[in-house]
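Each chain, letter by letter, is given below.
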Amino acid sequence: MNQPNTIPALKPSDSKRTPRPHPSSEPFIFTENLNVRYGSQQALGGVSLSIKQGKITALVGPSGSGKTSFLTCLNRLTDLVPHCQVSGSIQFGKIDVLSPDTNVLQLRRRIGMIFQKPNPFPFSIRKNLVFPLREHGIKDTATIDARIQESLTRVGLWKEVYDRLDSSALALSGGQQQRLCIARALSLSPEVLLMDEPCSALDPISSGVVEDLIASLRGPYTIVMVTHNLAQARRMADHVALFWLQHGNGQIIESQPTREFFHHPQHKLTKEYIDGVRG
Amino acid sequence: MSSHHQAIQDKLAMGITWSVAMLLMSTFLWLFSDIVIHGISGVSWEFLTARPLNAGREGGIAPILVSTALILMVCMAIALPIGLGTAILLSELTHQFGWMSNLIRRSLDVLAGIPSIVFGLFGNAFFCITLGLGFSIVSGGLTLACMVLPILIRSTEEGFRALPADYRLSAAALGLSQASTLISLLIPAAMPAMLAGFILGLGRAIAETAALIFTSGYVDRMPESLWDSGRALSIHIYDLSMNVPGGNANAYATALVLITLLFIINAGAQAIGHRWSSKRVLVA
Amino acid sequence: MFKTWSSSIPSFPYHRDQLLRWALWSCASIAGLILVFIILFLILESVPALRHLGVNRFMFDPSWHPGENTFNLMPMILGTLFTTIGAIALAGPIGFCSALFCHCYAPPRLASLYGRFIELLAGIPSVVFGFWGLVVLVPLINQWHPPGPSMLAGILILAMMILPTTSLLAQSSLAQVPTEYLRGAAALGLGRWATLRRVVIPAAKSGLWTAALLATGRALGETMAVLMVCGNVVQIPSSIFDPIRTLTANMALEMAYAVDDHRSALFVSGVVLLLMVLILVTAANWSNRVPRHV
Ligand SMILES: Nc1ncnc2c1ncn2[C@@H]1O[C@H](COP(=O)(O)OP(=O)(O)OP(=O)(O)O)[C@@H](O)[C@H]1O
Ligand SMILES: [Mg+2]
């Protein structure tokens, strides 16, 4: 480390240092009977899932089964999609996510999201981090600098880029870009991270690095991750939910702790999916 | 036999297109060279800085350059913000009132096809008379603003549409408001397209004559304010060649000045177009 | 230390979004209303003439002498139609050949240079074309067949004026033909000309029609170029060497001093012109929307 880190980390990786406000087993996000339709096409039908705090929940399932749709409901990114209607209920802590009175900007600050394709803004590395912080009311330069360093350190990028913070973020490698995006989300100290296939656009080495990083975020952050890679789900997740297209819309057909999911699947399709017969 | 036949047809088509293209090139080169040859001797520093004398037969075009610049300024000062706002609405917020934006887009398509003389009639009736602005630089500039708006909007809108959807999603996912996403991210990223539209519009405006004859007027004095009448370069050419016997020499020189300005504008547009396609990274 | 963050988030971004939306809608309304205003004002200004004179007199009066209270627009309407038809008959095929040249027959370097050149030409002011026509073309025609300022001069200059646009539009519709078609044709062993004739041109047909319609609209509304070379005599021409006056030239010439019914009659001619152009533009939009079948 080149400079001593004087400001305490936003969410220390060692979860024992600051006690978490809730015990980790308490359900944190509840969805109940969630329906999503794009115009006339129903993408999700009656999905109920509870997500536990501080855990990694993996969403798996074949393409088009509604995993991304589910994820984008949680931070109301569905608002941006024309003709997209969401019904049902989502409870996040005390917040009713789908209520029109919910402050979505603040909601999205608390629920960060990482996309499949790394998507840094076409700015410098520094500005990629400064810009969201400023928008959320942090104007003090010293605080901002500290946060930049902290979040970059957290994703293991600080040593790689500290001397070129002012060069374009688009010049970074794919894996570095993805870690920058994670740092950008972390800098806002969210409580939940939604990840939509965060490793699948990366080469195997970068993918491994990002995967380790995500695993290290377990505890301080609640993570909901879509993945097509069952081995990855098995390695990382505490809980797995299987989405399946049934009767023309996406549903969760099985939701279990990881061990149970892989060793004692309840549903016939789950077993076939795990064995690679279907999906 | 048939392939032999085809080869002959291909040769024939090739010959025809080549000769048409060469004919076209040489005609236009004839036009350019005629204007350069006859105009070059008239253009000098003095010509650009002196006032016209003897109805423009002698002297220079200083007040005309100033009027032209002022008309363009008014035009762009009005058209740019309205064009930017409309383009943003059409590209970023369409899903709210789809039919309204459709209507606006349709109306702009039609507007783009309206002859400039009709803009002139409208400008005369609305700006000069109804709004009481009279024959003035403001009236001319406003009329031109209506004219270049579709060009500005189309180019800017395309610029916004060309931006990756990722930008909007990732900005929203960070909890940024739509206003800040636009101001800090999308507008800077779409800047080259806006600039290209601006330059296109400028080219269109500076080339315009018919819309200005009865809005900004004919007066070739140095304008004292935006409410004075002012004569644009193109009108000066028209007036010298049609109404002033013996005005051809200065008309040639003025035409050369006008064409040179357009060359510069065109080169600017191409430079931007080039930069835009090759390097779309903004480091800020 | 950052625990207070949630409450420190200002709620104003919401208001700012509202404000932004409001501002954008106002801009767009202004932009959208310009067309409405243009049509409205043209009609308002032409109402007095229509009321005092009626429609028939614009077609059946003995002549156009507003000073003597006669308002026959027919010679000017015909003048506009003749020059436009002549110009598009010339510029259409030439523009099409020029587009083919640029798209298929020119070597790549030359093609891009040629394309640039045409783009540059499209920006040349009409007054420059008119001026060149007046000082170069009209004297030439005068030597061949006096008087010189004539319908022929108008047609030639107008054709030159719309050529670059026609060529560019045709080029872009040729360029829109998917390259798979070309590869498919090559796989069938079709030669270049056969590919053009059997695949490319049919596929680009609706785009080419749109180009022709838009170019015609441009020619109809052109003012300066025709004003400067046509001679502006109000008459129905008996040969292409006769001077004529178009609707647009008439407006440009007389607006400056027209009053009362005369002024209003000029606005009527503006409405006539606008109608013709609107029909063309609508047709162009429509033909552009027809799905492309090969
Ligand atoms: N923006 C949209 N507009 C219309 N339909 C959509 C949209 N996004 C998704 N859909 C539809 O909703 C259904 C679910 O899509 P979704 O992207 O949620 O699936 P997914 O499980 O994430 O698939 P993948 O594994 O391929 O990412 C699909 O049938 C898709 O076509
Ligand atoms: Mg997906």
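Nothing here was measured: the structure is a model prediction, and the numbers come from that model. (Residues numbered from 1 in each chain as written. Chains lettered and ligands numbered in written order. Predicted model: local features only at pLDDT ≥ 70, side-chain atom pairs only at ≥ 80, totals over all residues. Heavy atoms only, no water.)

Attention now moves to the overall build of chain C. The helix and strand inventory of chain C stands at 13 helices and two strands. Referenced to the eigenvectors of the C-alpha coordinate spread, the extents of chain C come out at roughly 85 × 65 × 35 Å. Considering chain C as a whole, with its 294 residues, one finds that 54% of them fall into the buried category. Residue pairs in contact within chain C that sit at least 24 positions apart in sequence constitute 71% of those at least 6 positions apart. A total of about 13100 Å² of accessible surface is found on chain C, and carbon and sulfur atoms cover 68% of it. Separation of charge centres in chain C, based on 17 positive and 11 negative side chains, amounts to 21 Å. (Helix = DSSP H or I, 4+ residues; strand = E, 2+ residues; numbered from the N terminus. Buried < 20%, exposed > 50% of the residue type's maximum accessible area, 1.4 Å probe, protein only. Contact = heavy atoms within 4.5 Å. Areas by Shrake-Rupley, 256 points an atom, 1.4 Å probe, with all protein chains shown as cover. Lys, Arg positive; Asp, Glu negative; His and termini not counted. Charge placed at Lys NZ, Arg CZ, Asp CG, Glu CD.)

Looking only at helices and strands, one finds 10 helices and 10 strands in chain A. Counting the 279 residues in chain A, one finds 56% classified as buried. Look at the contacts in chain A between residues 6 or more apart in sequence, and 67% of them connect residues 24 or more apart. Here chain A has roughly 11700 Å² of accessible surface; of this, 49% comes from carbon and sulfur atoms.

Together, Leu50(C), Val55(C), Met59(C) and Phe60(C) make up a nonpolar patch on the protein surface, roughly 400 Å² of accessible area in all. Overall, the relative accessible area of 52% leaves Val55(C) in the exposed class. (Patch = residues over 30% accessible without salt bridge, like charges linked within 9 Å, V, L, I, M, F, W, Y side chains within 5 Å. Salt bridge = Lys/Arg side-chain N within 4 Å of Asp/Glu carboxyl O.)

Glancing now at the site of ligand 1. Residues and elements named next belong to chain A. Inspection of the region around ligand 1 gives 14 residues, with Ser63, Lys67, Thr68, Ser69 and His228 positioned closest. Residue Gln41 places a side-chain N or O atom 2.9 Å away from an oxygen atom belonging to ligand 1. Note that an oxygen atom of ligand 1 is positioned 2.4 Å from one of the side-chain N or O atoms of Ser63. Bound to the protein, ligand 1 loses 63% of the 630 Å² it would expose on its own. When residues of the shell around ligand 1 are traced back to their parent elements, those giving at least two are strand E2 (41–52) and helix H1 (67–74). For the shell around ligand 1, the leading source of residues is H1, giving three residues. Looking at side-chain class alone, the shell around ligand 1 contains four nonpolar, eight polar and two charged residues. (Near = heavy atom within 4 Å. Polar contact = N/O pair within 3.5 Å; in protein donor to acceptor, adjacent residues only side chain to side chain. Nonpolar A, V, L, I, M, F, W, Y, C, P; charged D, E, K, R; others polar.)

Bringing the confidence of the model for chain A into the picture now. Caution is warranted with low-pLDDT regions, since their predicted coordinates should not be read in detail. All names here are of chain A. Averaged over every residue, the pLDDT of chain A is 86; the share at 70 or more is 89%. For the stretch residues 1–9, pLDDT sits under 50, and the model shows 13 contacts to residues farther than four places along the chain or on other chains. For residues 12–25, every residue scores under 50 in pLDDT, and the model assigns this stretch 14 contacts once sequence neighbours within four places are set aside. (pLDDT = per-residue confidence, 0-100.)

With 79 residues of chain B at the contact, the number on the chain C side is 77 residues. If you sort the residues of chain B by the area they bury against chain C, Phe28(B), Leu121(B) and Phe122(B) come out on top, with a joint share of 9%. Taken together, the connections running from chain B to chain C amount to zero salt bridges. The interface formed by chain B and chain C includes seven residue pairs in polar contact (both at pLDDT 80 or more). At 21 residues, the largest contribution of residues to the side of chain B that touches chain C is made by helix H1 (residues 2–40) of chain B. Its residues placed into classes, the side of chain B that touches chain C shows 55 nonpolar, 20 polar and four charged. (Buried area = accessible area lost by both parts, 1.4 Å probe.)

It is worth spelling out the packing of aromatic side chains at this point. Inspection of the entire model under this criterion finds 24 aromatic pairs over all chains. Ring geometry for Trp30(B) and Trp132(C): centres 5.1 Å apart, planes at 90 degrees, overall edge-to-face. Note that Trp30(B) is positioned in helix H1 and Trp132(C) in helix H6 (residues 126–144), a pairing that runs across two chains. With a centroid separation of 6.0 Å and an interplanar angle of 75 degrees, the aromatic rings of Phe122(B) and Phe41(C) are classed as edge-to-face. With Phe122(B) in helix H5 (residues 116–130) and Phe41(C) in helix H2 (residues 12–53), the pair connects residues from two separate chains. Residue classification places Phe122(B) among the buried positions, given a relative accessible area of 2%. Through pairs of rings, three or more aromatic residues link up here, namely Phe122(B), Phe126(B), Phe127(B), Phe37(C) and Phe41(C). It is Lys127(A) that lies over the ring of Phe123(A); its NZ or CZ is 4.1 Å from the centre. One Lys or Arg, Arg184(A), reaches over the ring of Phe121(A) and ends 4.4 Å from the middle of that ring. (Phe/Tyr/Trp six-rings, centres within 6.5 Å; stacked < 30°, edge-to-face > 60°. Lys NZ or Arg CZ within 6 Å of the ring centre and 35° of its normal.)

Next up on the list: the packing of helix H4 (residues 74–105) of chain C against helix H7 (residues 151–175) of chain C. All names here are of chain C. The contact between H4 and H7 brings their axes to 6 Å, and the two run at 40 degrees. Viewed along their axes, H4 and H7 adopt a mutual orientation that is oblique. Considering only the axes of H4 and H7, their crossing is right-handed. Counted by class, the contact of H4 with H7 contains 19 nonpolar, 10 polar and no charged residues. (Axes fitted to C-alpha atoms, helices over the stretch in contact; angles between N-to-C directions. Parallel < 35°, antiparallel > 145°, perpendicular 65-115°, else oblique. Left-handed = near helix turned anticlockwise from the far one by under 90°.)

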